[in-house]
Amino acid sequence: MTNGPVPPQPLPVVARAPGKCIVFGEHAVVHGAPELAFALDLHTQVAVRPGASFSLNADPRAAEEHPYFRTALALRWSGGGPLEVRSTSRIPRGAGLGSSAAFCAALVAALGAAQGGVERSAIAQASYDVEKGAQGVGSPGDTTTVVAGGFVTVNGPGDTALWTIRGSERDWEVRRVVDPGWTWVVCHSGIPRATGDAVRSVTQRLRSPDGPALLADFARVATEGIHAVRASDRAGVAAAMHRNQELLRTVGVSHPRIEALLDAAAPEAEGAKLTGAGAGGSVVVLPKPGQETDLVRRLARAGGLPFVVVPAVEGVQLVSEPVP
Ligand code: PMV
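Quick notes on the rules
- Residues numbered from 1 in each chain as written.
- Predicted model: local features only at pLDDT ≥ 70, side-chain atom pairs only at ≥ 80, totals over all residues.
- Heavy atoms only, no water.
- Helix = DSSP H or I, 4+ residues; strand = E, 2+ residues; numbered from the N terminus.
- Rg over C-alpha atoms; globule rule 2.2 N^0.38 Å.
- Buried < 20%, exposed > 50% of the residue type's maximum accessible area, 1.4 Å probe, protein only.
- Contact = heavy atoms within 4.5 Å.
- Areas by Shrake-Rupley, 256 points an atom, 1.4 Å probe, with all protein chains shown as cover.
- Lys, Arg positive; Asp, Glu negative; His and termini not counted.
- Charge placed at Lys NZ, Arg CZ, Asp CG, Glu CD.
- Phe/Tyr/Trp six-rings, centres within 6.5 Å; stacked < 30°, edge-to-face > 60°.
- Lys NZ or Arg CZ within 6 Å of the ring centre and 35° of its normal.
- Axes fitted to C-alpha atoms, helices over the stretch in contact; angles between N-to-C directions.
- Parallel < 35°, antiparallel > 145°, perpendicular 65-115°, else oblique.
- Left-handed = near helix turned anticlockwise from the far one by under 90°.
- Nonpolar A, V, L, I, M, F, W, Y, C, P; charged D, E, K, R; others polar.
- Pairing = 2+ DSSP bridges.
- Arc of directions from axis to C-beta.
- Core = buried A, V, L, I, M, F, W, Y, C linked by side-chain atoms within 4.5 Å.
- Domains from an automatic or database assignment.
- Buried area = accessible area lost by both parts, 1.4 Å probe.
- Salt bridge = Lys/Arg side-chain N within 4 Å of Asp/Glu carboxyl O.
- Near = heavy atom within 4 Å.
- Polar contact = N/O pair within 3.5 Å; in protein donor to acceptor, adjacent residues only side chain to side chain.

J.: Give a description of the overall build of the protein chain that names residues and reports values.
T.: Counting its secondary structure elements, the protein chain contains 10 helices and 12 strands. Compactness check: the protein chain gives a C-alpha radius of gyration of 19 Å against a globular reference of 20 Å for 324 residues, within 12% of the reference. By its C-alpha atoms, the protein chain is 55 × 40 × 35 Å across when sized along the principal axes. Within the protein chain, the fraction of its 324 residues that count as buried is 55%. Residue pairs at least 24 apart in sequence account for 74% of intrachain contacts in the protein chain once pairs closer than 6 positions are excluded. As displayed, the protein chain has an accessible area near 12600 Å², and 53% of this comes from carbon and sulfur atoms. Considering the protein chain, the positive charge centre built from 30 side chains and the negative charge centre built from 30 side chains are found 2 Å apart.

Below, the structure is given as structure tokens:
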């Protein structure tokens with residue numbers, strides 16, 4: 001069940017979590033503005049079993065050196081003995097598509113199952129704590145989306161309340177939005193970037209004199225976009241994506257390769273913008289209906305790595321059999 005607890009299961013435990021795609025509100029969400037994201041049907045799978053010593057993908061140094069693994073063990077594994085963890089993923093890394101959030105959520109869920117089961121809201125809070133602990137900055141948008149599955153808003157309008165995530169400076173309200181049932185295309189530019197650096201530079205930008213007005217614009221555009229998604233209003237969604245991209249450009253997180261992909265997508269796109277932290281990373285496109293294949297061809301010709309995606313209904317969950 002999408003919003004049910006993760007049940008108890010003795011080791012070995014395998015869990016998997018989807019990636020995520022932010023449609024509206026990245027960066028501004030860090031400062032309390034609304035965000036809309038959906039879980040992607042690309043997954044990370046984490047298998048946990050007792051080991052002779054702690055290791056991740058057979059690397060024993062990871063328990064000290066891999067920030068997410070180290071933080072998850074410190075916060076979520078209380079003295080149950082060393083673990084051998086294996087992680088496999090179809091989510092491109094450093095692409096703004098949630099690979100680190102999916103790793104955190106799948107590992108937290110597996111550790112929770114091995115320690116007597118865990119409520120979904122607790123997985124969402126713990127996954128955020130792990131990601132924030134490892135990354136130093138950020139919102140719970142990514143982790144909460146991959147834990148919940150489907151479409152969610154953070155600090156925005158929605159259909160039902162899911163949970164509240166507590167942060168050191170603010171809390172975030174998470175709500176479910178009904179999936180309008182559309183097909184999307186995401187495309188990785190191939191340009192790697194560090195989320196933390198992009199978040200810190202936008203935070204600086206929002207401290208300038210026009211910062212509060214810009215943040216208000218981000219909030220207004222995201223709210224209009226969320227209302228449009230809830231009304232299945234494609235033209236409204238496309239317009240809000242376009243305005244959101246202009247704001248992201250203004251705060252300096254677009255990139256020439258991102259702009260080239262947006263140009264390449266334009267003839268087959270209703271709406272398009274960068275998704276995630278930007279400064280490289282990926283774009284999300286709402287294709288003209290039926291034009292997905294042509295759109296993918298254009299994006300690939302422009303040098304990107306495109307995927308046709310639909311939202312994953314299920315958030316993080318245990319898998320009884322490892323999925324190859
Ligand atoms: O690019 P990603 O997947 O790391 O997404 C980051 C989204 C931000 O809003 C820029 C940061 C955050 O923590 O919400």
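Once the structure has been displayed, the description carries forward.
J.: Explain the packing of aromatic side chains to me, and be specific about the residues and the numbers.
T.: In total, this model carries five aromatic pairs according to the counting rule given. Centroid distance Y128 to W172: 5.6 Å. Interplanar angle 70 degrees. Geometry classified as edge-to-face. Residue Y128 is found in helix α4 (residues 120–135), and its partner W172 is found in strand β7 (residues 171–177); the two are separated by 44 residues along the sequence. A residue is classified by how much of its surface remains accessible, and W172, at 3% relative accessible area, is buried. Ring centres of W182 and W184 lie 6.0 Å apart, and the angle between their planes is 45 degrees; this geometry places the pair in the tilted category. Sitting over the ring of W182, R234 keeps its end group 5.1 Å from the ring centre.

J.: Account for the packing of helix α2 (residues 67–76) against α4, with residues named and values stated.
T.: Where α2 contacts α4, the axes come no closer than 9 Å and their chain directions differ by 130 degrees. Taken together, the axes of α2 and α4 are oblique relative to one another. Judged by the sense of rotation from one axis to the other, the crossing of α2 with α4 is right-handed. Along the contact surface, α2 presents P67, Y68, T71, A72, L75 and R76, while α4 presents A126, D129, V130, E131, G133, A134 and Q135. The residue inventory of the contact of α2 with α4, partitioned by class, reads seven nonpolar, three polar and three charged.

J.: Describe in detail the sheet that holds strand β10 (residues 282–287), supporting the description with residues and values.
T.: Spatially, four strands are ordered β9-β10-β8-β11 in an open sheet, and the strand pairing comes out antiparallel. A single partner strand is all that each edge strand has here, and the edge strands are β9 (269–275) and β11 (305–309). Looking at each pair of strands side by side, their axes are set apart by 20 degrees on average, direction ignored. Bridge count for strand β8 (residues 184–188) against β10 is four bridges, and the pairing is antiparallel. What sits directly across from C187, in β10, is V283.

J.: Tell me what's going on with helix α9 (residues 256–265), and back it up with residues and numbers.
T.: Taken together, the buried positions of α9 are occupied by I258, L261, L262, A264 and A265. Viewed end-on, α9 has its buried residues packed into an arc of 160 degrees, placing them on one side of the element. Exposed side of α9, more than 90 degrees from the buried face: P256 and D263 are the residues found there. On the buried face of α9, the contacting elements are β8, α8 (234–250), β9, β10 and α10 (292–301).

J.: Explain the nonpolar core to me, using residue names and the numbers behind them.
T.: In this structure, F24, F69, L107, W184 and V237 are the most contacted members of the largest nonpolar core, which totals 101 residues. Of the residues forming this core, the biggest block, 12 residues, is contributed by helix α3 (residues 99–114). Here this core gathers at least three residues from each of two domains, domain 1 (13–179) and domain 2 (184–309).

J.: Pulling in residues and values, what's your account of the domain arrangement of the protein chain?
T.: Along its sequence, the protein chain is organised into domain 1 (13–179) and domain 2 (184–309). Computed over C-alpha atoms, the centres of domain 1 and domain 2 are 22 Å apart. When the area that domain 1 buries against domain 2 is broken down by residue, the three leading residues are F24, H27 and H31, summing to 24%. Our count for the contact surface shared by domain 1 and domain 2 stands at two salt bridges. Where K273 meets E26, a salt bridge forms, and the shortest distance between an N and an O atom there is 2.9 Å.

J.: Lay out the site of the ligand in plain terms, naming residues and giving numbers.
T.: Around the ligand there are 15 residues in total, and K20, S139, R193, T195 and A277 lie nearest to it. The contact in question runs from an oxygen atom of the ligand to an N or O atom on the side chain of T195, over 2.6 Å. Protein chains bury 96% of the 380 Å² of accessible surface belonging to the ligand in isolation. Those elements that provide at least two residues to the shell around the ligand are β1 (13–24) and α6 (195–205).

J.: How would you explain the pairing of strand β5 (residues 151–154) if you had to name every residue and give the values?
T.: Both faces of β5 are covered, namely the face carrying F151 and T153 and the face carrying V152 and V154. Sheet topology note: the strand β2 (residues 35–50)/β5 ladder contains four bridges and is antiparallel. Pairing of A37 across the sheet is with V152, part of β5.

J.: Before we move on, can you summarise the environment of Y128 with the specific residues and values?
T.: Accessibility expressed as a relative area gives 4% for Y128, which makes it buried. Along the primary structure Y128 and D179 are separated by 51 residues, whereas in three dimensions their C-alpha atoms are 23 Å apart. Setting aside residues up to four positions removed in sequence, Y128 forms contacts with G133, G138, S139, P140, T143, I165, R166, G167 and W172.

J.: Quick rundown of the environment of A106? Include the residues and the values.
T.: Among the structural elements, A106 can be located in helix α3. Sequence-wise, A106 and G149 are 43 residues apart; in three dimensions their C-alpha atoms are separated by 13 Å. In contact with A106, not counting residues within four places along its chain, are A15, R16, A17, T44, V46 and V316.

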